[in-house]
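Remarks on the overall topology
Single-letter residue listing:
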Amino acid sequence: MQELSMNVLDIAQNSVAAGAPLTRISLTIDHTSGWQTLTVADNGKGMSPELAARVTDPFCTSRKSRKVGLGLPFLKMAAEMTGGAMTLESAEGVGTTVTATFRLGHIDLMPLGDMAATIAGLMQCNPDKDFVYTLTVDGESFVADSRQMKDILGDGASLAEPQVALFIRQFIEENSAPLLNKGEEAL
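Residues numbered from 1 in each chain as written. Predicted model: local features only at pLDDT ≥ 70, side-chain atom pairs only at ≥ 80, totals over all residues. Heavy atoms only, no water.

**Quick notes on the overall build of the chain**
When its secondary structure is counted, the chain shows six helices and six strands. Ordered by position in the sequence, the α and β elements of the chain form the string α-β-β-α-α-β-β-α-β-β-α-α. In the chain, which comprises 187 residues, the proportion classed as buried is 41%. When contacts within the chain are restricted to residue pairs at least 6 apart in sequence, those whose partners lie at least 24 apart make up 63%. (Helix = DSSP H or I, 4+ residues; strand = E, 2+ residues; numbered from the N terminus. Buried < 20%, exposed > 50% of the residue type's maximum accessible area, 1.4 Å probe, protein only. Contact = heavy atoms within 4.5 Å.)

Dropping the structure here:
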């Protein structure tokens, strides 16, 4: 995966498959410290300690459709290539949290990709689940919460409707751009 947004999509879909009603995705970019941190936390079924210890092995997967699982191994490798790291905490019946840190400015730092499309797509394709996306750049934050969007829409519309998904994508793009642009100016 060559963009962070594709890693987010893969991990968040694992959360959905684990039955998580709520998945929190946070991206923190701190130019002062020189680090970027991605965290995906869910309240799904969690993993046994044995499985959690093996998930960064590409030949370890719970999927029935294929015999390899590359999402977490690729994320771990991408973080480590920048001098960062990836951690996974999981407890059965509680959920899973994946955290990856990346050194900003490193030549191997993958681009963010289209985070707005990724988050909007997750919300559209899983309208019965909730997602909270938080972008923080140098201490300033923006939050997109599907629960709030559902409240605004009421019973008359669904996040699965294409017009709603397009609105969500544009909403995330418009509110993320000033933070990301501010961050680039700091470089």
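**A few points about the sheet that holds strand β1 (residues 22–30)**
The strand order β3-β4-β2-β1-β5-β6 describes an open sheet built from six strands, whose pairing is mixed. Each of the sheet's edge strands pairs with one partner strand only, and the pair in question is β3 (85–91) and β6 (140–145). Neighbour-to-neighbour, the strand axes of this sheet turn through a mean angle of 10°, independent of strand direction. Where strand β2 (residues 35–42) lies against strand β4 (residues 95–103), eight bridges are found, and the strand directions are antiparallel. (Pairing = 2+ DSSP bridges. Axes fitted to C-alpha atoms, helices over the stretch in contact; angles between N-to-C directions.)

**Some points on the environment of Gln148**
With respect to the element layout, Gln148 can be found in helix α5 (residues 146–153). Judged by relative accessible area, which is 49%, Gln148 ranks as partly exposed.

**Remarks on the pattern of salt bridges**
Once their charged atoms are close, side chains differing in charge can pair, the charge on each being opposite to the other. Across all of its chains, the model carries five salt bridges by this definition. The residue Asp114 makes a salt bridge to Arg169 at a minimum N-O spacing of 2.4 Å. Separated by 55 residues along the polypeptide, Asp114 in the loop between β4 and α4 (115–125) and Arg169 in helix α6 (residues 162–186) bring together distant segments of the chain. By relative accessible area, which is 30% here, Arg169 ends up partly exposed. Two residues, Asp130 and Lys150, come together in a salt bridge whose shortest N-O distance is 2.9 Å. Taken together, the residues Asp130 in strand β5 (residues 130–137) and Lys150 in helix α5 connect sequence positions 20 residues apart. For Asp130, a relative accessible area of 17% gives the class buried. Three or more residues are tied together by salt bridges with common partners; here these are Asp114, Arg169 and Glu173. (Salt bridge = Lys/Arg side-chain N within 4 Å of Asp/Glu carboxyl O.)

**Some points on the nonpolar core**
Within the largest apolar cluster, 41 residues are counted, with the highest numbers of intra-cluster contacts made by Ile25, Leu38, Leu75 and Tyr133. With six residues, α4 is the single largest residue contributor to this core. (Core = buried A, V, L, I, M, F, W, Y, C linked by side-chain atoms within 4.5 Å.)

**A few points about the packing of aromatic side chains**
Within this structure, the stated rule accounts for two aromatic pairs. Judged by centre distance (6.1 Å) and plane angle (20°), the ring pair of Phe167 and Phe171 falls under stacked. With Phe167 and Phe171 both in helix α6 and four residues apart, the pair spans about one turn of that helix. Connected via pairs of aromatic rings, a cluster forms that spans Phe142, Phe167 and Phe171. (Phe/Tyr/Trp six-rings, centres within 6.5 Å; stacked < 30°, edge-to-face > 60°.)

**With respect to the packing of helix α1 (residues 4–17) against α4**
Running from N to C, α1 and α4 cross one another at 20°; their axes reach a closest spacing of 9 Å. If you check the angle between α1 and α4, you find them roughly parallel. Here the hand of the crossing between α1 and α4 comes out right-handed. Facing α1, whose interface residues are Ser5, Met6, Val8, Leu9, Ala12 and Gln13, α4 presents Met115, Thr118, Ile119 and Leu122. (Parallel < 35°, antiparallel > 145°, perpendicular 65-115°, else oblique. Left-handed = near helix turned anticlockwise from the far one by under 90°.)

**A look at α1**
Given a rise of 1.5 Å per residue, 14 residues ought to cover 20 Å, and the 20 Å separating the end C-alpha atoms of α1 matches this to within 8%. Those residues of α1 not exposed but buried are Leu4, Ser5, Asn7, Val8, Asp10, Ile11, Ala12, Ser15 and Val16. Where the residues of α1 are buried, they touch β1, β2, α3 (71–81), β4, α4 and β5. Just past α1, the residue Gly19 takes up positive phi, approximately 80°. (Expected span 1.5 Å × (residues − 1).)

All we've got here are geometric facts, nothing functional implied.
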